[in-house]
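An overview of the molecular structure
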Amino acid sequence: MSHGKDARLHQQLYKKIPRFECIEGCTDCCGPVPWSDYELKQARLSEPPQERADKTCAFAQGGCSIHQARPLMCRLFGAVEDLRCPHGRGPLQLLSVERGHELVRRYKIANGFD
Ligand code: SF4
Ligand code: SF4
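Rules used in this analysis
Starting afresh in each chain, residues are numbered from 1 along the sequence in its written order. Starting at A for chains and at 1 for ligands, labels are handed out in the order in which the entities are written. Whole-chain, interface and lining totals are the exception, using all residues; otherwise, since this is a predicted model, local features are given only for residues with pLDDT of at least 70 and side-chain atom pairs are given and counted only at 80 or more. As a convention, hydrogens and water are excluded, and side-chain values are obtained from all of the structure's heavy atoms. Secondary structure elements are taken from DSSP: a helix is a run of H or I of four residues or more, a strand is a run of E of two residues or more, and numbering for both begins at the N terminus. Here a helix's expected span is defined as the number of its residues, less one, multiplied by 1.5 Å. By the convention used here, residues are in contact when the closest approach between their heavy atoms is within 4.5 Å. Only heavy atoms are used to decide nearness, and a residue is near a molecule or strand if one of them lies within 4 Å of it. Buriedness for pockets is judged along seven lines, at least five of which must meet protein on both sides within 12 Å for an open set on the 1 Å grid over protein atoms alone, while cavities are sets there where a 1.4 Å probe fits but cannot get out, and lining residues have an atom within 4 Å of a point. In this scheme, a molecule is assigned to a cavity or pocket if more than half of its atoms are within 2 Å of the grid points. All residues other than Ala, Val, Leu, Ile, Met, Phe, Trp, Tyr, Cys, Pro, Asp, Glu, Lys and Arg, Gly among them, are scored as polar; the first ten of these are nonpolar and the last four charged. Stacked, tilted and edge-to-face pairs are distinguished by plane angle, under 30 degrees for stacked and over 60 for edge-to-face with tilted covering the rest, among Phe, Tyr and Trp rings (Trp via its six-membered ring) whose centres lie within 6.5 Å. Remark: exposure states derive from per-residue accessible area (1.4 Å probe, protein chains only) relative to the maximum for the residue type, with buried under 20%, exposed over 50%, and partly exposed in between. Counting as a charge over the ring demands two things of the Lys NZ or Arg CZ atom: a distance within 6 Å of the ring centre and an angle within 35 degrees of the ring normal. Confidence of the predictor at the level of single residues is given by pLDDT, which spans 0 to 100.

Structural notes on helix 1 (residues 3–15)
In an α-helix there are 3.6 residues to a turn, and that puts residues three or four apart on one side. Taking 1.5 Å of rise per residue, the 13 residues of helix 1 would be expected to cover 18 Å, and the 18 Å separating its terminal C-alpha atoms lies within 8% of that figure. Considering only its buried residues, helix 1 is in contact with helix 2 (37–42), helix 3 (72–76) and helix 4 (97–111).

Overview of the site of ligand 1
Surveying the vicinity of ligand 1 reveals the residues Phe-20, Cys-22, Ile-23, Cys-26, Asp-28, Cys-29, Cys-85, Pro-86, His-87 and Arg-89. According to the grid-proximity analysis, the pocket containing ligand 1 is the largest pocket.

A short note on the site of ligand 2
Close to ligand 2 lie Cys-30, Gly-31, Cys-57, Phe-59, Ala-60, Cys-64, Ile-66 and Cys-74. A class-by-class count of the residues in the shell around ligand 2 yields seven nonpolar, one polar and no charged.

Digging into the packing of aromatic side chains
Note on aromatic pairs: each is described by the distance of the centres and the angle between the planes. Inspection of the entire model under this criterion finds two aromatic pairs. When the centroid spacing of 6.1 Å and the interplanar angle of 55° are considered together, the rings of Trp-35 and Phe-59 count as tilted. Residue Trp-35 is found in the loop between helix 1 and helix 2, and its partner Phe-59 is found in the loop between helix 2 and helix 3; the two are separated by 24 residues along the sequence. Phe-59 shares its class with Trp-35; the two are buried. Note on Tyr-107 and Phe-113: the rings are 5.6 Å apart at their centroids and 70° apart in plane angle, and the pair reads as edge-to-face. Here the basic side chain of Arg-75 rests over the ring of Tyr-14, its NZ or CZ set 3.8 Å away from the ring centre.

With respect to the confidence of the model for the protein chain
Low-pLDDT portions of the prediction should not be read for the details of their coordinates. With 100% of its residues at a pLDDT of 70 or more, the protein chain shows a mean pLDDT of 94. The element-level mean pLDDT for the protein chain is lowest in helix 1, coming to 94, with helix 3 highest at 98.

As structure tokens, then:
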């Protein structure tokens, strides 16, 4: 897929996820997540970051250090009925489980994930 098409597809998916404010500096839900090729490029990575020994994400540094370029799964956490924030943060209207799964399904198909 061309970079332009890839960008459009990812931006379309991201736009469907309702936004909300996290607790400043919090990364309590951060752990290993899938990365598409487009997302790796956006974060200027050639491969997914190595997870730390404690399974936390390498970008969790008093908040997400690549917030604008974070992958889809990071964006979904806290925004879907079955991915609720442990601290009660989230949008006024959570995505339904079905809508969340549909976005993940489209992301996987577009990126050739199993
Ligand atoms: S969704 Fe909740 S747990 Fe995750 S970073 Fe935001 S405030 Fe922290
Ligand atoms: S990329 Fe950012 S939001 Fe995603 S798991 Fe890592 S620190 Fe958390």
